[in-house]
Amino acid sequence: MFEVPVLLVLIVVVALIFDFTNGAHDCANAIATVVSTKVLSPRVAVVMAASLNFIGAFLGTKVATTLGAGIVNTDMVANCQPLVLAALLGAIAWNLITWYFGIPSSSSHALIGGLMGAAVAYAGFSTLNGASIAEKILLPLILSPLAGFGMGFLTMFLIMLLCARANRNKLTRAFTKLQIVSAAFMATSHGLNDAQKTMGVITLALFIFNKIDTIAVPFWVKCVCALAMAMGTALGGWKIIKTMGHKIFKLEPVHGFATETSAAAVICGASLFGAPVSTTHTITACIFGVGSTKRLSAVRWGVAGNLVIAWILTIPASAFIAAIAFWCMKIGGIV
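Parameters and conventions
Residues numbered from 1 in each chain as written. Predicted model: local features only at pLDDT ≥ 70, side-chain atom pairs only at ≥ 80, totals over all residues. Heavy atoms only, no water. Helix = DSSP H or I, 4+ residues; strand = E, 2+ residues; numbered from the N terminus. Buried < 20%, exposed > 50% of the residue type's maximum accessible area, 1.4 Å probe, protein only. Contact = heavy atoms within 4.5 Å. Areas by Shrake-Rupley, 256 points an atom, 1.4 Å probe, with all protein chains shown as cover. Core = buried A, V, L, I, M, F, W, Y, C linked by side-chain atoms within 4.5 Å. Expected span 1.5 Å × (residues − 1). Arc of directions from axis to C-beta. UniProt positions renumbered as here; feature names shortened; annotations may be inferred. Axes fitted to C-alpha atoms, helices over the stretch in contact; angles between N-to-C directions. Parallel < 35°, antiparallel > 145°, perpendicular 65-115°, else oblique. Left-handed = near helix turned anticlockwise from the far one by under 90°. Nonpolar A, V, L, I, M, F, W, Y, C, P; charged D, E, K, R; others polar.

Q: Account for the overall build of the protein chain, naming residues and giving values.
A: For the protein chain, the helix and strand inventory stands at 14 helices and zero strands. Counting from the amino terminus, helix and strand elements in the protein chain follow one another as α-α-α-α-α-α-α-α-α-α-α-α-α-α. Among the 335 residues that make up the protein chain, the fraction classed as buried is 58%. Contacts spanning at least 24 positions in sequence make up 87% of the contacts within the protein chain whose residues lie at least 6 apart. Counting only carbon and sulfur atoms, one obtains 71% of the accessible surface of the protein chain, whose full area is about 13700 Å².

Structural data, given as structure tokens:
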């Protein structure tokens, strides 16, 4: 059995590794459109995303609280210190599998699935907070892609209506500048929602180890999570950018602006309610909605089918891997 401080350090390190893979997945989504439309270079986009993700992480803690206390019943898992480690291993494994194939699956739901799988492996389904999962996890899981598609379609339709008689070249130049603003909005909203998820998990671990009395995110946790996510974006996000920016629909600056603005609005709205929605789900659905205003055949629906399959599989797959990791630790005497 590990000494408690050593195991806690290990959990924090693994959580930051997850945050790194989250950066490779989800932060890439935040800047994929602005890079793909060549409005910003990858280097400038990464610096902007990292800075604004860092700022966004300090704008609220409702999502972190949902991850820390809204998925598992903390009183039932308080004595199971390796639980968070098993959850993180399940989420990381699924992130790496989908990253390898360039599939923009949800790191958020991989983490949620990991927590659920580890908790169930520890003490059964009674460890899960069913009401909170239904209200703040499953309902947003269904509604956020629908909201993203609808918001993307509506935003692009209004732009087409208002700019129908505008000169195409002038319009492109205008939206090239506007897309920088929308990308900044998107990166900030991403920090407000996604950057808090690993914070919530580390906070849960600190609570289980009796290092804090309540599920409240310490300042140092906010800082290290934001930094780890930024590093993941810089070093590993380009496969996802390629899928998001080129394989679904050929984006121009006006499409990028509509996509980022729509996605950021949906994500900010969810963050106000403490719902850890998937940036991946939301911005991908926005791209589909924006592309559909041109014509349905402009969207590569075959890619959409693969993404939907990944969305459906993420929670059960990561839960299954986390449960296996927990049982392996139990056999090894760590639990």
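Q: I'd like to hear about the nonpolar core, residue by residue, with values.
A: One finds I11, I71, L83, V84, L88, L115 and M199 to be the most contacted residues of the largest nonpolar core, which totals 56 residues. For this core, the elements supplying multiple residues, two or more each, are helix 1 (4-36), helix 3 (62-69), helix 5 (83-100), helix 6 (107-123), helix 7 (130-162), helix 9 (195-208), helix 10 (219-236) and helix 14 (301-331). Broken down by element, the residue count for this core peaks at nine residues, all from helix 5. Here V84 is in contact with I11, V201, L204, A205 and I208, once residues within four sequence places are set aside.

Q: Tell me what's going on with helix 2 (residues 42-56), and back it up with residues and numbers.
A: Between its first and last C-alpha atoms helix 2 spans 20 Å; for 15 residues at 1.5 Å apiece the expected length is 21 Å, and the two agree. Listed as buried for helix 2 are A45, V46, M48, A49, L52, N53 and G56. Seen end-on, helix 2 carries its buried residues on one side only, within an arc spanning 165°. Structural note: helix 2 exposes R43 and V47 on the side pointing more than 90 degrees away from its buried face.

Q: Go over unusual backbone geometry, please, and point to the residues and values.
A: The backbone of N210 sits at a positive phi, close to 60°, despite the residue not being glycine. Relative to the assigned elements, N210 resides in the loop between helix 9 and helix 10.

Q: Report on the UniProt feature "transmembrane region" (unreviewed entry) in the protein chain, specifying residues and quantitative values.
A: Under the feature "transmembrane region" (unreviewed entry), the UniProt entry names residues 47-71, 83-102, 108-125, 137-162, 219-241 and 303-327. Helix makes up 72% of residues 47-71 and strand 0%. Its end C-alpha atoms lie 33 Å apart. In this annotation, residues 137-162 is assigned 100% helix and 0% strand; the end-to-end C-alpha distance for the span is 36 Å.

Q: Go over the packing of helix 2 against helix 8 (residues 168-193) with me, naming the residues and quoting the values.
A: Running from amino to carboxyl end, helix 2 crosses helix 8 at an angle of 45°, the nearest separation of the two axes being 7 Å. Classified by the angle their axes make, helix 2 and helix 8 are oblique. Crossing of helix 2 over helix 8 shows right-handed handedness. Facing M48, A49, L52, N53 and G56 of helix 2, the residues of helix 8 in contact are I180, A183, A184, A187, T188, H190, G191 and L192. For the contact of helix 2 with helix 8, a count of residues per class yields eight nonpolar, five polar and no charged.

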